[in-house]
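Understanding the architecture of this molecule
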Amino acid sequence: MLRAMTWNVRTGGRDSGGADRRGLLARVVAAERPDVLALQELRDFDSGDVLADFAGRVGMRPHLARSCLGQPVAVLLRPPLRALAATRVRRPFHHAAQRVTVATTAGPLTVLSVHLDPYLGLRRRVEAGWAAAALRRCPGEWGLLAGDLNTLDPIAEHAERVARLPVAYRRRHLRRDGRTVETRAVARLLAAGLVDLYAAAGPPDGGLTAPTRHGGAEFSGMRLDYLFGTPALADRVRDCRVLRGGDAEYASDHYPVVADLDLDPA
């Protein structure tokens, strides 16, 4: 069984003028022991030995994609899982996207860690198209897209949730008419044939991922973090859940999302 996890760790695990949360982050990851870990908002992880130190603390090997505008993202692998290929997706994402292909006994699995534009829905839709195309180019039939999509899904009702947001943050989730909830990025992934793994295998609780008890004024109880799989991979998902409680309440303003997949490292 292979465990995949995605997590926006908020500004590299450090708040401006606040405490260092990297110890909490490491404890959550070490306790959950994912085989594949997609991380977003890795501020300063591309400087010095920060990423190597964190990866060493959780027993994983990192593959980082730097960002020209926003914050880096990464895919971390737990041995014996090994990378067959690793590369940054060369599109102008607001943040970044990192693609890693790993060896499993069923064939290569490609994992994409992505963090979409936090401000503009149209931009997120374009970035979602880039992400879907990057996954389509993977070898074999196993593909996983993981990350903070900053987007509500097109299935649930969100009007009340969006209305509770302060005006400045409400705009992020509305289209130009100021009334229609912005869901086009997730809709584009679904239209590309990808499967929402939480919707497929998670409990019927909405899967809300932000905010945590750490806070987050830009959230009002929202699902913004996702695991999407190709249809073949979706058939292999055995469980999907949002990891709440304990250190996960204070390590970030997002909760991690975890899925167990019926695949084994090669």
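Described in the following lines is the structure provided in the data block.

What counts as what
- Residues numbered from 1 in each chain as written.
- Predicted model: local features only at pLDDT ≥ 70, side-chain atom pairs only at ≥ 80, totals over all residues.
- Heavy atoms only, no water.
- Axes fitted to C-alpha atoms, helices over the stretch in contact; angles between N-to-C directions.
- Helix = DSSP H or I, 4+ residues; strand = E, 2+ residues; numbered from the N terminus.
- Parallel < 35°, antiparallel > 145°, perpendicular 65-115°, else oblique.
- Left-handed = near helix turned anticlockwise from the far one by under 90°.
- Contact = heavy atoms within 4.5 Å.
- Nonpolar A, V, L, I, M, F, W, Y, C, P; charged D, E, K, R; others polar.
- Salt bridge = Lys/Arg side-chain N within 4 Å of Asp/Glu carboxyl O.
- Buried < 20%, exposed > 50% of the residue type's maximum accessible area, 1.4 Å probe, protein only.
- Pairing = 2+ DSSP bridges.
- 1 Å grid on protein atoms, 1.4 Å probe; cavity = no way out; pocket = protein on both sides within 12 Å on 5 of 7 lines; lining within 4 Å.
- Points joined across faces, edges and corners; volume = space filled by probe spheres on them.
- Arc of directions from axis to C-beta.

Packing of helix α2 (residues 22–32) against helix α3 (residues 50–58) leaves a shortest axis separation of 9 Å and a crossing angle of 40 degrees. As far as their axial angle goes, α3 and α2 are oblique. At the point where α2 passes α3, the crossing takes the right-handed sense. On α3, the residues touching Arg22, Gly23, Leu25, Ala26, Val29 and Ala30 of α2 are Val50, Phe54, Arg57 and Val58. The residue inventory of the contact of α2 with α3, partitioned by class, reads 7 nonpolar, 1 polar and 2 charged.

Before going further, it helps to examine the pattern of salt bridges. Evaluation of the coordinates by the stated rule reveals 18 salt bridges. The partner of glutamate 127 in a salt bridge is arginine 123, and the shortest N-O contact between them spans 3.4 Å. On the criterion of helical spacing, the pair formed by glutamate 127 and arginine 123 is a turn pair, its members being 4 residues apart in helix α4 (residues 121–136). With a closest N to O distance of 3.7 Å, aspartate 205 and arginine 244 form a salt bridge. In this pair, aspartate 205 sits in the loop between α8 (197–201) and β10 (225–229) while arginine 244 sits in the loop between β11 (237–242) and β12 (257–261), placing the two residues 39 residues apart along the sequence. A relative accessible area of 39% means that aspartate 205 is categorised as partly exposed. Judged by its relative accessible area of 37%, arginine 244 falls in the partly exposed class. Overlapping salt bridges, with partners in common, bring together Arg3, Glu32, Asp239, Arg241 and Asp260 in one network.

Attention now moves to the sheet that holds strand β3 (residues 61–65). Sheet architecture is open: 6 strands sit in the order β3-β4-β2-β1-β12-β11, paired in mixed fashion. In the strand order of this sheet, the two ends are held by β3 and β11, each with one partner. Between one strand axis and the next, the sheet turns by 15 degrees as a mean value, whatever way the strands run. Of the strands in this sheet, β1 (2–8), β2 (36–40), β11 and β12 touch α2, which is tilted by about 165 degrees from β1.

Think of a ball as big as a water molecule: rolled over the atoms, this probe shows where empty space is left. Of the volumes computed, that of the largest pocket is approximately 400 Å³. Lining of the largest pocket is provided by 23 residues; of these, Glu41, Pro118, Tyr119, Arg172 and Glu218 occupy positions nearest its centre. Looking at the lining of the largest pocket residue by residue, the classes come out as 6 nonpolar, 10 polar and 7 charged. Of the volumes computed, that of the second largest pocket is approximately 270 Å³. Lining the second largest pocket are 21 residues, with Asp153, Ala156, Ala199, Gly206 and Arg223 positioned closest to its centre.

With that out of the way, let us pick up α2. Buried within α2 are the following residues: Arg22, Leu25, Ala26, Val28, Val29 and Glu32. Axial view of α2: buried residues confined to an arc of 160 degrees, hence all on one face. For α2, the elements touching its buried residues are β1, α1 (10–13), β2, α3, β11 and β12. Count one or two residues on from α2 and you reach arginine 33, which has phi positive near 50 degrees.

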